[in-house]
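Examination of the molecular architecture
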Amino acid sequence: FRYLKYAWRLTYVSAIAGSIYLAYGVYELRNPDEQLVPDPSKKNLVILGSGWGAVSLLKKLDTENYNVTVISPRNYFLFTPLLPSCTTGTVEHRSIMEPIRSIIRHKKAAVKFYEAEATKIDPERKTVLINDNSDIKGDTSTTEVPYDMLVISVGAENATFGIPGVREHSCFLKEIGDAQQIRKKIMDCVETATFKDQTPEEVERLLHMVVVGGGPTGVEFAGELQDFFDQDIKKWVPEISDKFRVTLIEALPNVLPMFSKQLIDYTESTFKEEKITIKTKTAVKKVTEKTVEAEATGPDGKKVTEVMPYGLLVWATGNAVRPIVKDLMSQIPAQKDSRRGLAVNEYLVVQGTKDIWATGDCAVAGYAPTAQVASQEGAFLARLFNNMAKSEAVEAKIAELSQTLNLQPGDTAAIAKEIETHEKQLRRIKDIKPFHYTHQGSLAYIGSERAVADVSWLNGNFATGGQLTYLFWRSAYLSMCFSTRNRVLVVLDWLKSKAFGRDVSRE
Ligand code: FAD
Ligand code: NAI
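Below is a summary of the structure that appears in this document.

Scoring rules and cut-offs
Residues numbered from 1 in each chain as written. Chains lettered and ligands numbered in written order. Predicted model: local features only at pLDDT ≥ 70, side-chain atom pairs only at ≥ 80, totals over all residues. Heavy atoms only, no water. Near = heavy atom within 4 Å. Polar contact = N/O pair within 3.5 Å; in protein donor to acceptor, adjacent residues only side chain to side chain. Areas by Shrake-Rupley, 256 points an atom, 1.4 Å probe, with all protein chains shown as cover. Helix = DSSP H or I, 4+ residues; strand = E, 2+ residues; numbered from the N terminus. Nonpolar A, V, L, I, M, F, W, Y, C, P; charged D, E, K, R; others polar. Domains from an automatic or database assignment. Phe/Tyr/Trp six-rings, centres within 6.5 Å; stacked < 30°, edge-to-face > 60°. Buried < 20%, exposed > 50% of the residue type's maximum accessible area, 1.4 Å probe, protein only. Pairing = 2+ DSSP bridges. Axes fitted to C-alpha atoms, helices over the stretch in contact; angles between N-to-C directions. 1 Å grid on protein atoms, 1.4 Å probe; cavity = no way out; pocket = protein on both sides within 12 Å on 5 of 7 lines; lining within 4 Å. Points joined across faces, edges and corners; volume = space filled by probe spheres on them. Parallel < 35°, antiparallel > 145°, perpendicular 65-115°, else oblique. Left-handed = near helix turned anticlockwise from the far one by under 90°. Contact = heavy atoms within 4.5 Å.

For the rest of this paragraph, the subject is the site of ligand 1. Taken together, the neighbourhood of ligand 1 is formed by 29 residues, with S50, G53, T80, D361 and Y477 sitting nearest. The separation between an oxygen atom of ligand 1 and a polar side-chain atom of S50 is 2.9 Å. Contact distances for ligand 1 include 3.2 Å between an oxygen atom and a backbone N or O atom of W52. For ligand 1, the accessible surface in isolation is 990 Å², of which the surrounding protein chains cover 90%. Elements that contribute at least two residues to the shell around ligand 1 include exactly α2 (52-60), β2 (67-72), β6 (117-122) and α11 (371-407). Ranked by the residues each element gives to the shell around ligand 1, the list is headed by α11, at 3 residues. In the shell around ligand 1, the residues fall into 13 nonpolar, 12 polar and 4 charged. Two domains each provide a minimum of three residues to the shell around ligand 1, namely domain 1 (2-158 + 320-386) and domain 2 (166-319 + 438-500).

What follows is the structure in structure tokens.
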């Protein structure tokens, strides 16, 4: 009984200490310290983008060493791994957004932010042309920003391969607006299908949800959508319960090509159980307002054209190069053979340029276009830039000491020793190893509270799928969220959708 009393007291004291710590954390978050003002003698470091690459660089960068300017049409960081959950309301969109203003306000030295799209980079004049493409514009909405150092982290846009009708009729899944549009359209299809006197063919079309692309985006979205239907829509709109269908179309022989064979099979069998139809070896060739036209290759190698009526079409066939990146590549002869983005060297310097670096989906460094790669590249650049600033400071100190040495010939030994110490320090700082990517594994949600994971662990690979993996998936993504605020909001969303179901109102 005495031990129980001590345990109770300990719990009580820890709960109070925990609450004080949390309250202090929130206070600090809401009341950031005064920041150092920009120093015109420092170099101008311009960062394009506010995604994984850019924000990971910002997070680790000692901003007092540079005059930092961030330019992005999006004034927030988006935690993309949970974007598929926003399409059905499992997670609310604001829970996975972190305002860039809050990120930069917590840096030691002030950072400028311009909400704008960079439209042209001039590597000769070292300038970036920017354009405010938001709804509200002032008298000035286009201007130039000079840079001494430039980091390009503008990501990629959606690949359509020039297939007719894709841009006009399908939804993408890359940005918050895309997820909101999908969420609206799902319920619009459901409500329109139940409209009085709707013909059976039209009901069937409207409730056919087609996803093109069997990469992780397409698979995760298909899983979330089927969950939404099975766990919520079916309850509130029972009359459509046998008519709602999800079809995933993939040009290759299987979905999730980056996962091991065992997990591909597991995903395909789970989809079968969930009643999601997978059409592999089927390439979409044309999209119209109400149909998808695809070419399927049969087991005998014969090609058959299939026309599928759809209500909602989500297009997830990977990445394409952004116009600003294409334009810069066309200005640099060393980039003429690069197709998928800016070819960079092992220090992420854009090949054929000086003082320009690139990270993430717009850079070609030999890795897959993932958040993991982009964030490790951003963190690498922060270390590189911090070191460059330190070495410049040490070089200046050595130059100053050498001058003193010349002027005061009497006291040479002590000064020479000090120079030697600084030179040693300089060698250590300058010895930066090239960028090395550490793959921590791949994770994907596949619906009905199951996930697949190919994880690198203790120098080996560990492939697993199922409900335990789903808990791992949730805890891994929760820990990767940008801030405590994001983590708290995501957990509350998960609890809310579990307790009350997802909201089926159409905003
Ligand atoms: P982004 O994060 O896309 O950021 C690009 C930034 O540049 C944005 O802020 C954009 O507004 C800005 N920008 C665009 N054009 C311009 C311009 N002209 N001028 C200035 N700024 C510009 N990867 C994983 O590793 N794990 C996952 O679970 C995962 N899930 C994903 C789920 C979805 C639905 C999607 C779409 C992707 C997912 N990814 C995942 C991939 C990952 O999101 C990308 O690889 C990552 O976002 C790349 O980071 P980035 O910084 O290069 O680009
Ligand atoms: P992706 O490039 O991985 O997959 C696109 C798929 O679409 C390919 O399998 C391709 O064969 C198929 N395709 C292309 N054209 C087609 C057509 N006309 N008809 C039918 N199928 C067609 O693209 P995705 O899924 O958008 O992912 C982009 C990047 O983001 C990848 O690097 C991926 O690893 C990463 N990502 C990672 C996630 C995770 O780790 N959980 C989640 C989402 C994205």
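The rest of the description comes next.
Quick look at the packing of aromatic side chains now. Going through the model one piece at a time under the given rule, you end up with 16 aromatic pairs. A centroid spacing of 5.2 Å and a plane angle of 55° characterise the contact between Y367 and Y437, whose relative ring orientation is tilted. Pair noted here: Y367 is in the loop between β21 (363-364) and α11 and Y437 is in the loop between α12 (412-430) and β22 (441-447), with a separation of 70 residues, a long-range link. A relative accessible area of 13% places Y437 in the buried class. Measuring from centroid to centroid gives 5.5 Å for F380 and F435, while their planes differ by 70°, and the two rings are edge-to-face. Taken together, the residues span a long stretch of sequence, with F380 in helix α11 and F435 in the loop between α12 and β22 at a distance of 55 residues. Judged by its relative accessible area of 9%, F435 is buried. In textbook terms, an aromatic cluster arises when at least three aromatic residues are bridged by ring pairs, as seen for W52, F77, F79, Y445, Y470, W473, Y477 and F482.

A separate point is the sheet that holds strand β16 (residues 303-309). Read from one edge of the open sheet, 3 strands run β14-β15-β16, paired in antiparallel fashion. Two strands lie at the open edges of the sheet, namely β14 (282-287) and β16, each paired on one side alone. On average, each strand axis in the sheet is inclined to that of its neighbour by 25°, with strand direction left out of account. Both β14 and strand β15 (residues 291-297) contribute to a ladder of 5 bridges, which runs antiparallel. Residue pairing across strands places V284 opposite A294, the latter belonging to β15.

Near ligand 2 lie 24 residues; those nearest to it are T217, E250, V284, P369 and L443. At a separation of 2.6 Å, an oxygen atom of ligand 2 approaches a polar side-chain atom of E250. Contact distances for ligand 2 include 3.1 Å between an oxygen atom and a backbone N or O atom of P369. Coverage of ligand 2 by the protein chains reaches 78% of its 840 Å² of free accessible surface. Breaking the shell around ligand 2 down by element, the ones donating at least two residues are α8 (216-236) and β14. Considered class by class, the residues forming the shell around ligand 2 number 14 nonpolar, 8 polar and 2 charged.

For the rest of this paragraph, the subject is the layout of surface pockets. Space inside the second largest pocket adds up to approximately 500 Å³. The element contributing the most residues to the lining of the second largest pocket is helix α1 (residues 2-30), with 6 residues. Class assignment of the residues belonging to the lining of the second largest pocket gives a composition of 7 nonpolar, 5 polar and 5 charged. Viewed by domain, the lining of the second largest pocket spans two of them, domain 1 (2-158 + 320-386) and domain 2 (166-319 + 438-500), each represented by three or more residues.

This part takes up the packing of helix α6 (residues 176-193) against α8. Taken N-terminus to C-terminus, the directions of α6 and α8 make an angle of 45°; their axes are 13 Å apart at the nearest point. For the element pair α6 / α8, the angle class is oblique. As for how α6 packs across α8, the hand of that crossing is right-handed. Each of I182, I186, M187 and V190 in α6 lies in contact with α8, whose residues at this interface are F221, L225, F228 and I233. Taken together, the residues of the contact of α6 with α8 sort by class into 8 nonpolar, no polar and no charged.

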